[in-house]
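Letter by letter, the chains look like this.
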Amino acid sequence: MENAASWRNEQIERLQKYMPRLKQRIANAEAGTGDYSEMPENERNERLEKMHASLDKREKKIAEYEALSDDELLKTWETRNRTNKASRLFTGIIFLITGIFYKKALSAPRYLIDRRAKQTATWAAVGGFFTTIYLKITKVLTVDQPSGWTTKTTYSSGRTSTDFTANPIPLIGCVFAIATPICVLLYVLAFSPLVVIISYLRNYVWHK
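Here the structure is a predicted model, which means the values were calculated and not measured.

### Looking at the overall build of the protein chain
Then comes step 1: Within the protein chain, the regular secondary structure consists of 6 helices and 2 strands.
Then comes step 2: If you list the helices and strands of the protein chain from N to C, you get α-α-α-α-α-β-β-α.
Then comes step 3: Carbon together with sulfur atoms contributes 61% to the accessible area of the protein chain, which is approximately 15,800 Å² in total.

### Digging into the packing of helix α2 (residues 19–31) against helix α3 (residues 41–67)
Then comes step 1: Where α2 meets α3, the axes come as close as 10 Å, and the angle between the chain directions of the two elements is 150°. Here α3 runs roughly antiparallel to α2, going by the angle between their axes. For the crossing formed where α2 meets α3, the hand is left-handed. Contact with α2, carried on its side by Met19, Leu22, Lys23, Arg25, Ile26, Ala29 and Glu30, involves Arg44, Leu48, Met51, His52, Ser54, Leu55, Arg58, Glu59 and Ile62 of α3 and no other residues of that element.
Then comes step 2: By residue class, the composition of the contact of α2 with α3 is 8 nonpolar, 2 polar and 6 charged.

### Quick look at the packing of aromatic side chains
Then comes step 1: Counted according to the given criterion, the structure contains 2 aromatic pairs.
Then comes step 2: A ring pair is formed by phenylalanine 129 and phenylalanine 130, whose centres lie 5.4 Å apart and whose planes are at 75°; its orientation type is edge-to-face. With respect to class, phenylalanine 129 is no different from phenylalanine 130; both count as exposed.
Then comes step 3: Measuring from ring centre to ring centre gives 5.8 Å for tyrosine 134 and phenylalanine 176, while their planes differ by 35°; the resulting arrangement is tilted. With tyrosine 134 in helix α5 (residues 116–141) and phenylalanine 176 in helix α6 (residues 169–203), this pair connects stretches of sequence that are 42 residues apart.

### With respect to the side chain of serine 161
Then comes step 1: Within the element layout of this structure, serine 161 appears in strand β2 (residues 160–166).
Then comes step 2: The exposure class of serine 161 is buried, given its relative accessible area of 6%.
Then comes step 3: Those residues in contact with serine 161, other than ones at most four positions away along the chain, are Glu38, Thr151, Lys152, Thr153 and Tyr155.

### A short note on α3
Then comes step 1: Taking 1.5 Å as the rise per residue, α3 with 27 residues should run 39 Å; its terminal C-alpha atoms sit 38 Å apart, in good agreement.
Then comes step 2: Residues of α3 that are buried include every one of Arg44, Leu48, Met51, Leu55, Ile62 and Tyr65, and no others.

### Side note on the pattern of salt bridges
Then comes step 1: All chains considered together, the criterion is met by 3 salt bridges.
Then comes step 2: Salt-bridge contacts for arginine 47 lead to glutamate 43; the nearest nitrogen and oxygen are separated by 3.5 Å. In this pair, arginine 47 and glutamate 43 are both assigned in helix α3, 4 residues apart and thus about one turn of the helix distant.
Then comes step 3: On the basis of relative accessible area, arginine 47 is assigned to the partly exposed category, the value being 35%.
Then comes step 4: For lysine 61, the salt bridge is made with glutamate 64, and the minimal N-O distance between the two is 3.8 Å. In this pair, lysine 61 and glutamate 64 are both assigned in helix α3, 3 residues apart and thus about one turn of the helix distant.
Then comes step 5: Among the residues examined, glutamate 64 registers a relative accessible area of 39% and is labelled partly exposed.

### What about the packing of helix α1 (residues 2–17) against α3?
Then comes step 1: The interhelical angle for the contact between α1 and α3, taken along N-to-C directions, is 165°, at an axis separation of 10 Å. On the basis of their axis angle, the class for α1 and α3 is roughly antiparallel. The two elements α1 and α3 cross, and the hand of that crossing is left-handed. Counted together, Trp7, Arg8, Gln11, Ile12, Arg14, Leu15 and Gln16 of α1 and Arg58, Lys61, Ile62, Tyr65 and Glu66 of α3 form the full contact between these two elements.
Then comes step 2: Residues that form the contact of α1 with α3 fall into these classes: 5 nonpolar, 2 polar and 5 charged.

### As for the environment of serine 54
Then comes step 1: With respect to the element layout, serine 54 can be found in helix α3.
Then comes step 2: With relative accessibility at 27%, the residue serine 54 sits in the partly exposed group.
Then comes step 3: Sequence separation between serine 54 and methionine 19 is 35 residues; the distance between their C-alpha atoms is 9.3 Å.

The rules behind these values
- Residues numbered from 1 in each chain as written.
- Predicted model: local features only at pLDDT ≥ 70, side-chain atom pairs only at ≥ 80, totals over all residues.
- Heavy atoms only, no water.
- Helix = DSSP H or I, 4+ residues; strand = E, 2+ residues; numbered from the N terminus.
- Areas by Shrake-Rupley, 256 points an atom, 1.4 Å probe, with all protein chains shown as cover.
- Axes fitted to C-alpha atoms, helices over the stretch in contact; angles between N-to-C directions.
- Parallel < 35°, antiparallel > 145°, perpendicular 65-115°, else oblique.
- Left-handed = near helix turned anticlockwise from the far one by under 90°.
- Contact = heavy atoms within 4.5 Å.
- Nonpolar A, V, L, I, M, F, W, Y, C, P; charged D, E, K, R; others polar.
- Phe/Tyr/Trp six-rings, centres within 6.5 Å; stacked < 30°, edge-to-face > 60°.
- Buried < 20%, exposed > 50% of the residue type's maximum accessible area, 1.4 Å probe, protein only.
- Expected span 1.5 Å × (residues − 1).
- Salt bridge = Lys/Arg side-chain N within 4 Å of Asp/Glu carboxyl O.

This is the structure we're talking about:
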């Protein structure tokens, strides 16, 4: 029960952590100050609606946590705990199976012919080449890109406004950097068994 109560407090603290900043942003938007001083009214109202919805959602979730009875809290915590354990176990099994197939695909047992060393070196060279290309592309799309561009406009009345346009390329680079290893992992998971079978059929010394 102590663990369940501690878990509830952590969830409430996590929800409350951002609320002061969110309330301050709401106050600035309603007063038209700070970042919202030059923002068009319709856009400001849209932002206000979203921020109010986010604040209401957090307050409702906190109220739900606080309203849980001891039995409900214990049941909720045990369900979350079992779900997290099952997810970690499943992930561990997937990585274990993937690692075994990967190891078997690139390491030949004693009854395979001697060219396995040449094949392993070839795979290593290919892997190193694509790793270098991947790192260079990731660097170009993320590190070498500006975060955005600032445009300052001066009107005939003398009033000035500053607009910031975010650069979408770094976001694309982050997606590329994350998605590429995942795709490689899925490829290995899907095709490693086939590579193992083909390697055994092709390289097995049948006359022994």
